[in-house]
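Survey of secondary and tertiary structure
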Amino acid sequence: MAKLLEGKFLAEKIKEELKSQVSSLGRRPVLASIIAGDNAGAESYAKSQKKTAESLGIEYQFHKLDSSISEPALVEFIHKLNDEKTVNGVIIQMPLPPQIDYKKISGCIAPDKDVEGMHPANIGKIVFGKARILPCTAAAVMELLNSSGIGLRGKEAVIVGHSEIVGKPLALLLLDKFATTTVCHIGTSEAGKLEEHVKKAEVLIVAVGRAGLIKGEWIKEGAVVIDVGINRVADKIVGDVGFEEAEKRASYITPVPGGVGPLTVTMLMRNVVEAAKLQ
Ligand code: NDP
């Protein structure tokens with residue numbers, strides 16, 4: 001039976017380290033959070049970020065903008081935050097109103113304040129193994145793998161899902177650790193080859209958002225399984241991997257909920273502290 005890789009314990013440990021880093025900075029790092037329009041989900045997510053930030057000594061500034069804001073006006077607002085010396089990090093909450101292009105807007109955040117790690121300059125640094133600010137979910141996955149104590153060098157690592165926030169940066173991070181890395185996506189499924197790749201995985205990371213996509217029976221004996229997926233099925237939250245069967249075969253597995261999720265916001269805070277140190 002697999003050991004559970006629970007993000008909340010690791011998150012507590014990392015938060016203790018962050019608290020002491022914040023106190024040795026000698027000033028409170030500031031995270032500016034932008035919400036455009038009314039969205040209960042985004043507001044509740046921002047509130048939970050605020051709670052975590054404040055527990056670490058980070059000031060959380062909430063900027064609520066009108067849903068009718070134009071793209072140029074939002075760009076101007078972001079530029080002001082970029083120029084504001086007291087602000088260390090900027091985050092834009094999703095979803096944005098339809099007139100706003102997220103990619104364009106997120107690219108306007110100064111790279112050294114881009115605490116989501118999604119600015120092209122920060123993604124580029126991952127390619128060169130020089131990144132200090134990493135995309136939060138990918139960083140959370142790497143922390144969980146590290147905590148399992150398994151060495152990644154030479155391991156068959158398979159990622160399912162090639163999104164810009166999870167799969168693609170993770171592929172680069174795993175390559176940097178010398179894992180033999182395969183990235184599967186919709187094309188792999190269409191070609192009927194997903195099962196074949198998953199069955200080879202010694203380290204499997206799934207980030208798709210489709211419950212039951214990965215059958216528990218496909219998991220290699222002793223594999224480490226990180227399930228990033230979040231799906232609501234009949235009032236329950238489940239991942240993308242058939243947990244019950246996978247748990248019998250894997251050596252380590254993340255529960256959903258309680259695996260990657262609790263670490264993601266901690267990685268955001270780590271990026272804020274890192275940004276404050278870099279500035
Ligand atoms: P996206 O929708 O951006 O990406 C999903 C990826 O899965 C795409 O690369 C897509 O390929 C691929 N895909 C879709 N269908 C299949 C299929 N049948 N077989 C193989 N690959 C497929 O999602 P995100 O990366 O943003 O998120 C993925 C999941 O992780 C979601 O459930 C999300 O809620 C969760 N999540 C969890 C977080 C956490 O903190 N725990 C944080 C972020 C996300 P293509 O684009 O080519 O169609």
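In short, a report on the structure. (Residues numbered from 1 in each chain as written. Predicted model: local features only at pLDDT ≥ 70, side-chain atom pairs only at ≥ 80, totals over all residues. Heavy atoms only, no water.)

Focus: the overall build of the protein
The criterion, for reference: Each helix is a run of H or I in the DSSP string that is no shorter than four residues. Each strand is a run of E no shorter than two, and both are numbered from the N terminus. Here the radius of gyration uses the C-alpha set of atoms, whereas the globule reference equals 2.2 Å times the residue count to the power 0.38. Residue burial is assigned from relative accessible area. The probe radius is 1.4 Å, only protein chains are included, and a residue is buried under 20% of its type maximum, exposed over 50%, and partly exposed in between. We call two residues in contact whenever any of their non-hydrogen atoms come within 4.5 Å of each other. Each accessible area is a Shrake-Rupley estimate made with a 1.4 Å probe; only the visible protein chains count as cover when residues are assessed. In summary, the charge assignment counts Lys and Arg as positive and Asp and Glu as negative, without counting His or the chain termini. The atom standing in for a charge is NZ when the residue is Lys, CZ when it is Arg, CG when it is Asp and CD when it is Glu.
When helices and strands are counted, the protein shows eleven helices and eleven strands. At 19 Å, the protein has a C-alpha radius of gyration in line with the 19 Å of a compact globule built from 279 residues. Referenced to the eigenvectors of the C-alpha coordinate spread, the extents of the protein come out at roughly 50 × 40 × 40 Å. Here the protein, with 279 residues, has 49% of them falling under the buried criterion. Nonlocal contacts in the protein, meaning residues at least 24 apart in sequence, comprise 72% of its contacts between residues at least 6 apart. In the form shown here, the protein has an accessible surface area of approximately 13300 Å², with 54% of it arising from carbon and sulfur atoms. For the protein, the centre of its 35 positive side-chain charges and the centre of its 34 negative side-chain charges are spaced 4 Å apart.

Remarks on the site of the ligand
So the rule is basically this: Any residue with at least one heavy atom within 4 Å of a molecule or strand is counted as near it. Pairs of N or O atoms are called polar contacts if they sit within 3.5 Å, as long as, within protein, a hydrogen donor faces a hydrogen acceptor (for residues adjacent in sequence, only side-chain-to-side-chain pairs).
Near the ligand you find 21 residues, and of these His162, Ser163, Ile186, Ser189 and Thr264 are the closest. Within the backbone of isoleucine 186, one N or O atom sits 3.5 Å away from a nitrogen atom of the ligand. Threonine 264 is positioned such that a nitrogen or oxygen atom in its side chain is 2.7 Å from an oxygen atom of the ligand. Broken down by secondary-structure element, the contributors of at least two residues to the shell around the ligand are helix H8 (186-190) and helix H11 (261-278).

Overview of the packing of aromatic side chains
We count it as follows: The rule is short: rings of Phe, Tyr and Trp, with Trp giving its six-membered ring, pair when the centres are within 6.5 Å, and they are stacked under 30 degrees, edge-to-face over 60, tilted in between. We call a charge positioned above a ring when the Lys NZ or Arg CZ atom is no farther than 6 Å from the ring centre and deviates by at most 35 degrees from the ring normal.
Enumeration according to the criterion identifies zero aromatic pairs in this entry. Above the ring of phenylalanine 178, the side-chain terminus of arginine 153 is found at 4.4 Å from the ring centroid.

Some details on the sheet that holds strand E2 (residues 30-36)
Counted only if it meets this: A strand pair is defined by DSSP finding two or more bridges across the two strands. Fitted lines through C-alpha atoms give the axes, limited to the stretch in contact for helices. The angle between two N-to-C directions lies from 0 to 180 degrees.
Taking strand neighbours across the sheet as the criterion, the three strands line up as E3-E2-E4 in an open arrangement whose pairing is parallel. Across the chains shown, the open sheet's two edge strands, defined by having one partner strand only, are strand E3 (59-65) and strand E4 (89-92). Adjacent strand axes in the sheet meet at a mean angle of 20°, parallel and antiparallel pairs treated alike. Relative to E4, E2 runs parallel, the two being bridged by four bridges. If you follow leucine 31 over to E4, its bridge partner there is glycine 89. Sitting on the sheet, helix H2 (residues 40-55) is in contact with E2, E3 and E4, with an inclination near 160° to E3.

Purely geometric numbers; function is a separate question.
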